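# An overview of the molecular structure
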Amino acid sequence: MSADCKDLPRFLDGQLSAEAQCGFRQHLGGCERCEARFRETLQLELLAHRALPSLAPPMAPPSASRERKRWWPRRGQVGSGFRVLVACFAMLLISPSASHWNGDDLAWLVKDGPRTLEARVTYRAVDARHQPYVPDRGGGWERPAVPSLPLHELSRMEARGDLHGIATAYLLHGAPRQALAFLKRLPPSVDRDCDLALLSLEQARQDGPLDTRHAHLEEALELLSEVLRVAPRHPQALWNRALTLAELGLTLQAADSFGEVAKLGEPGWSEEAADRERALRESTLSRGRAWKDAFAATRDLLTDASAPLPVAAVRDHPGILRLAFYDAVRAAPRRQDVLRLLPLARALDERYGGSVLQTWLARVAERDFTRRGSFARRYAQLVLGTLSPSGEVMEELRRSGEDDLYLGALVLAGFARQPVDSAALVRLARASEDPWMRVLGELELARADQREGRWWNAEQRLVEALDSCQKQGLVYRCLGLEQALTDLYLELHRPAEAFQHAWNGWSRAQEAREWRYEQVFLQELADVARYQHSFTSARAYLEESLVRMPEDCAQRTHVHSNVALLEWQRFRPEAARESLERALECERPLGMTGARVLSELARFQPRPHDGHWLRRALADLRQSDVSPGREALLLVFEGQFALEQSRDTGQALLWRGVSMAEHLPDSVDARKALAFGYSALLSEAGRAGAWNEALSLMARELRVEPVPTSCLLAVSLQHERTLVLARGPDGELKGAYSTGRREPLRDVASGLVPQELLKELTGCEHVDVLTRPPVHGLTGLLPDTLAWSYRVGRGGRPTPVQDGGSRHLVVTEVASPPALRLPKLGALTAPRVPDPWRVELRGGEATLSRVSREMADASEIELHTHGLFSASMSDASMVVLAPDADGDYALTADMVRQTRLKHAPLVLLATCGAARTAPFPHESYSLPVAFISAGASAVLAASVEIPDSAGAFFEKVRERIRAGTRPSVALRDARALWLREHPDDARWLSHVLLFE
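Remember, predicted model here, so these are calculated numbers, not experimental data. (Residues numbered from 1 in each chain as written. Predicted model: local features only at pLDDT ≥ 70, side-chain atom pairs only at ≥ 80, totals over all residues. Heavy atoms only, no water.)

Next up on the list: the overall build of the chain. Each helix and strand in the chain was counted, giving 42 helices and 14 strands. Across the 996 residues of the chain, 55% fall into the buried class. Just so you have it, the chain exposes about 42400 Å², and 51% of that area is on carbon and sulfur atoms. (Helix = DSSP H or I, 4+ residues; strand = E, 2+ residues; numbered from the N terminus. Buried < 20%, exposed > 50% of the residue type's maximum accessible area, 1.4 Å probe, protein only. Areas by Shrake-Rupley, 256 points an atom, 1.4 Å probe, with all protein chains shown as cover.)

The following block contains the structure:
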């Protein structure tokens, strides 16, 4: 919900508090009405400055060191008569001479000395001459104060229509909001988009939550990638892309981008770009070389009894050195070979604290090496990869009595995807009295829980182990736990939580100089971005991981198969095929991602070898223990591929996978199998024109009982395929099927329903809409003139608990956490008629725990508060409430789903973007769906920002529903009436949706 437009005069007069000013600046960037009034005020001020220069002070936009000066004189200095004078003289001041502008007179904008922005603007007069950039390092050299903007020069630009110049002036003078307002008035162009990306980059560099900074960087990267797709040699876009990539830590790609600028031969710019390229490349590769040298030294300890001990490397690479130390001690065949490692044990103990490694080494040295020696040599073969950790060798080590060797072999077997005796691994790890080994034991217990489907146990165990690990400073082992948590959350398709651990792991790996884990987390971040449909970021992470280790064949296979999936999801089948063929060059199994791409590309010019590579990928995936949910998903991929060769074979495999998945409601893989399987089956029914079969399939998948016999719309998308079914008032089922989709579905579903099927719905009092991801929850599917709602199937309508009471819960004027710096929302208008059911929670009373408790017993729920989307906290929009004692304030979809709403309430979410749906391919995931799942009968929510006045609109809808009107009819009629009275609200009103 946004700040109130009526605050604009007070904002311009400087009468708002600092917090309120911040909130209104955010509002100004998204409110067209306020932007227009802001521009008019600016023009009046420019005119006033020329007419009354002694009264109108020069404008000084905000800089990093001071607050922005007032736009108008203080009250009492000039008074309200100043505005009257402006209004009186405005027309007189507009004359032909006022529009005269000398194009060479830009000395005020292009100053000598260092440039104020590290990034490049596209305004030619500013960018044409290179100026060095000197970063502000806080102390020592201080950047000169940003001068005030000369308003008479801005007025000349305004007169000649040079909006780009005005936007650039504001940008260079530290006023990004004003710059954005003028950039948005420019027609679309690569230059405009490049400058918009610059603004996103600068926003990301401001202090703020991690997810907010990351979202701005992704936005900048997306804009710049599109600019370079159209204009590959655009110098400013290449430069700013390099800065954005460097901000994300993708330094080798940033170096490549600066290298492209260097090749352009621009005076000054090319030299600076070349210097930046060298610095980025060398700092990154030198870190990689140092790690690889340390790793190579550890391998020498296994093969050369006289190899020097890498004691000096312990300072920079304690993790990889400790890991190698364990293997070197285990692989030592003689007592003297063990004892010579004592200096390394001592250095590691000093680095980590304590004496656990020296104690263990002394204990090993006391073993009988006439027996242990042969087992140690076998262990060395396992580490070097010349022997597989399976079969006889594992049994031999188990019986050897050398528990440390068997423990190490069990760990190696786990990494090699071989069967592991989990109980033995945990027992030996705990008995070792070594905190490093105990972490491995907890990790194995979590993996066992995960394999058995007890993901909640795995999650708790990993979180507790990570906390303990961090307290003990075992950074390398902590990185393994961060990776395990990331993988768990990705398996559960919870990318918001996965992002937090992937980013933490990525940052800590860089700090610890752990090159291998940097690679791991680059790929984890790519997976998170792909799950969130941030395809440009996903590709950037993948390509960075590839350029860091181009010689690694497994790496190339992984990266190119994942890029193939990204290209497929972006509706680029030819590019997907090209990447897949590059993945096959190493002749390694393609994994789950490659199997999926092969099954999809079967519809687009399949290659003769596709069947072979799919079978090999599936066989490799089934090699180790496969959960039932994962097997169901593999069957669906196999069936989707076979469908293009044999309809009967393909459908049989699809039904096997679907039937297996229907018995596994808690498995995310099973839910994906259901979604992908039903997509293929529905498309096949649509291709055959079997409308009744298609409707039955959709009703079965969505668990809708009974299926409406009239006034029904059903929509299913499978990538390029669209199936639409409609029943009008007469009950006749008609359909349309097409294969012409050529781009991803965005945030609006308009145009999906053919006109001939829309006509079928004419005359319906209400339309039930059945949809599947990615359509469910999008606006524009049907026109506002129809009364309709998204039907959320749960196998029956909720039955409210009858206890004789009704409660209308209203949450308003919430005291949101100060750290969020959200503007204060206006007070909710009191109800027009007495409401004996009404119970209000205001201010600090509206805490997360209190609201959750009160919702359970409410028959009507209204939430009038801020709505936010935070990629690190929730995969759908969330509601901001007052913080509890522990600081928790966010009401997320997951929390709502775990609540039991006893009275089947009507829920009104008068919060910004509450209907935003996560881009999941396998389920509809949003706040409204969560409320329906928790027991609500109907939910109204908007998918965009809404003004404070929206509260009154939701109140009118609620009054109609309480009077007995069907919710969809109440929404349609209230919207039509409101639009007649408030025509400027058309933009957000059409985004208010109903879920039943």
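Regular strands place side chains that alternate from one sheet face to the opposite one. Where burial is concerned, most of strand S4 (residues 767–771) is hidden: five out of the five residues are buried. Both faces of S4 are covered, namely the face carrying Val767, Val769 and Thr771 and the face carrying Asp768 and Leu770. Where strand S1 (residues 712–718) lies against S4, four bridges are found, and the strand directions are parallel. Considered in S4, the bridge of Leu713 is made with Val769. (Pairing = 2+ DSSP bridges.)

Before going further, it helps to examine the side chain of His216. Relative to the helices and strands, His216 resides in helix H10 (residues 210–230). Overall, His216 belongs to the buried group, its relative accessible area being 17%. Ignoring sequence-local partners within four residues, the contact set of His216 consists of Ser200, Gln203 and Ala204. (Contact = heavy atoms within 4.5 Å.)

With that settled, the discussion passes to the nonpolar core. One finds Leu109, Leu154 and Phe325 to be the most contacted residues of the largest nonpolar core, which totals 148 residues. It is helix H26 (residues 515–531) that provides the largest number of residues to this core, a total of 10 residues. Not counting residues within four places of it along the chain, the set of residues in contact with Phe325 comprises Leu341, Leu344, Ala345, Leu348, Leu357, Trp360 and Leu361. Counting 56 residues, the second largest nonpolar core, distinct from the first, contains Cys711, Leu758, Val907 and Val939. (Core = buried A, V, L, I, M, F, W, Y, C linked by side-chain atoms within 4.5 Å.)

So, on to the confidence of the model for the chain. Residues with a pLDDT of 70 or more make up 84% of the chain, whose mean pLDDT is 83. Low pLDDT, under 50, characterises residues 49–103; the predicted model gives this stretch 84 contacts beyond four residues in sequence or across chains. A low-confidence stretch, residues 138–146 stays under pLDDT 50, and its non-local contacts, those more than four residues away or across chains, total 13 contacts. (pLDDT = per-residue confidence, 0-100.)

Okay, unusual backbone geometry next. Residue Pro706 is reached from Glu705 by a cis peptide bond, and omega for that bond is -15°. Summarising the element assignment, Pro706 is placed in the loop between helix H35 (691–702) and S1. Put simply, Pro773 and Pro774 share a cis peptide bond, and its omega is 10°. Structurally, Pro774 can be placed in the loop between S4 and strand S5 (788–790). Backbone geometry at Glu433 places phi at a positive 60°, although glycine is not the residue there.

On to the packing of aromatic side chains, then. The description of an aromatic ring pair rests on the distance of the ring centres and on the angle between the ring planes. If you walk through the whole model with that rule in mind, you get 21 aromatic pairs. With centroids separated by 5.3 Å and ring planes inclined at 5°, the aromatic side chains of Trp291 and Phe295 adopt a geometry described as stacked. Residue Trp291 and its partner Phe295 are located together in helix H13 (residues 269–303), separated by four residues, close to a single helical turn. A relative accessible area of 8% means that Trp291 is categorised as buried. With a relative accessible area of 31%, Phe295 lands in the partly exposed category. Plain terms: the ring middles of Trp788 and Tyr790 are 5.2 Å apart, the flat faces sit at 75° to each other, and that makes the pair edge-to-face. You'll find Trp788 and Tyr790 in the same group, each marked buried. Among the aromatic residues, those joined into a ring-pair cluster are Phe325, Tyr326, Tyr352, Trp360, Trp436, Tyr476, Tyr517 and Phe521. In this structure, Arg322 is placed above the aromatic ring of Tyr352, and the distance from its NZ or CZ to the ring centre is 4.7 Å. Cation over ring: Arg516 sits above Tyr517, and NZ or CZ is 4.6 Å from the ring centre. (Phe/Tyr/Trp six-rings, centres within 6.5 Å; stacked < 30°, edge-to-face > 60°. Lys NZ or Arg CZ within 6 Å of the ring centre and 35° of its normal.)

Working definition: the covalent bond between the sulfur atoms of two cysteines is a disulfide. Considering all chains together, one arrives at three disulfides under this definition. In this model, Cys553 is linked to Cys586 through a disulfide, with the two sulfur atoms separated by 1.9 Å. For the disulfide bridge between Cys553 and Cys586, the dihedral angle about the S-S bond is near -105°, and by the sign convention the bridge is left-handed. Here Cys586 lies in the loop between helix H29 (573–583) and helix H30 (591–601) and Cys553 lies in helix H28 (residues 553–569), a separation of 33 residues in the sequence. Judged by its relative accessible area of 27%, Cys553 falls in the partly exposed class. (Disulfide = S-S within 2.5 Å.)

Attention now moves to the pairing of S1. Buried residues dominate S1, accounting for seven of its seven residues. By the alternation rule, side chains of S1 split into Leu712, Ala714, Ser716 and Gln718 and Leu713, Val715 and Leu717, which are all buried. Note: S1 against strand S2 (residues 721–727), seven bridges, orientation antiparallel. By the bridge assignment, Leu713 is partnered in S2 with Ala726. The antiparallel hairpin formed by S1 and S2 contains two residues in its connecting segment, where His719 sits at a positive phi of about 55°.

Within the fold, Glu402 resides in the loop between helix H19 (392–399) and helix H20 (403–415). Looking at Glu402, the relative accessible area reads 2%, which means it is buried. Within the structure, the side chain of Glu402 is placed 2.7 Å from the side chain of Arg372, a separation counted as a polar contact. Setting aside anything within four residues of it in sequence, one finds Glu402 in contact with Arg367, Arg371, Arg372 and Phe375. (Polar contact = N/O pair within 3.5 Å; in protein donor to acceptor, adjacent residues only side chain to side chain.)

A few words now on the pattern of salt bridges. Tallied over the full model, the rule gives 72 salt bridges. Note that Glu638 and Arg622 form a salt bridge whose closest N and O atoms lie 3.4 Å from each other. Residue Glu638 is found in helix H32 (residues 628–642), and its partner Arg622 is found in the loop between helix H31 (610–621) and H32; the two are separated by 16 residues along the sequence. A salt bridge links Arg958 to Glu955, with the shortest nitrogen-to-oxygen separation between them at 2.6 Å. Note that Arg958 and Glu955 are positioned in helix H40 (residues 950–962) at a spacing of three residues, about one turn of the helix. Judged on exposure class, the residue Arg958 and its partner Glu955 are both buried. Counted as one network, the salt bridges with shared partners bring together Arg115, Glu118, Glu202, Arg205, Glu247, Glu272 and Arg276. (Salt bridge = Lys/Arg side-chain N within 4 Å of Asp/Glu carboxyl O.)

Taking 1.5 Å of rise per residue, 17 residues should cover 24 Å, and helix H22 (residues 435–451) covers 24 Å from first to last C-alpha, within 8% of that figure. Among the residues of H22, those classed as buried are Trp436, Met437, Val439, Leu440, Gly441, Leu443, Glu444, Ala446, Ala448, Asp449 and Gln450. Its buried side turned inward, H22 meets helix H14 (318–331), helix H16 (342–352), H20, helix H21 (422–431), helix H23 (455–472) and helix H24 (475–491). Backbone geometry just after H22 places Gly453 at a positive phi near 85°. (Expected span 1.5 Å × (residues − 1).)

On to H29. Among all positions in H29, only Pro573, Ala576, Arg577, Ser579, Leu580 and Ala583 are buried. For H29, the angular spread of the buried residues around the axis is 165°, confining them to a single face. Those residues of H29 that are exposed and aimed more than 90 degrees away from the buried face are Glu574 and Glu578. (Arc of directions from axis to C-beta.)

Time to look at the packing of helix H18 (residues 369–384) against H19. Interhelical geometry of H18 versus H19 gives an angle of 140° and a closest axis separation of 11 Å. Put simply, H18 runs oblique to H19. Remark: the crossing between H18 and H19 carries left-handed chirality. On the side of H18, the interface is formed by Phe375, Arg378 and Leu382, while H19 contributes Val393, Glu396 and Leu397. In terms of residue class, the contact of H18 with H19 is made up of four nonpolar, no polar and two charged. (Axes fitted to C-alpha atoms, helices over the stretch in contact; angles between N-to-C directions. Parallel < 35°, antiparallel > 145°, perpendicular 65-115°, else oblique. Left-handed = near helix turned anticlockwise from the far one by under 90°. Nonpolar A, V, L, I, M, F, W, Y, C, P; charged D, E, K, R; others polar.)

Okay, the environment of Leu770 next. Relative to the helices and strands, Leu770 is located in strand S4. Through-space distance from the C-alpha of Leu770 to that of Gly793 is 8.5 Å; in sequence the pair is 23 residues apart.

Right, let's talk about the environment of Ala167 for a bit. Tracing the sequence through the fold places Ala167 in helix H7 (residues 163–172). Overall, the relative accessible area of 1% leaves Ala167 in the buried class. In the structure, Ala167 is positioned 17 residues away from Lys184 in sequence and 9.4 Å away in space, judged by C-alpha atoms. Excluding anything up to four places from it in sequence, Ala167 contacts Ala179, Phe182 and Leu183.

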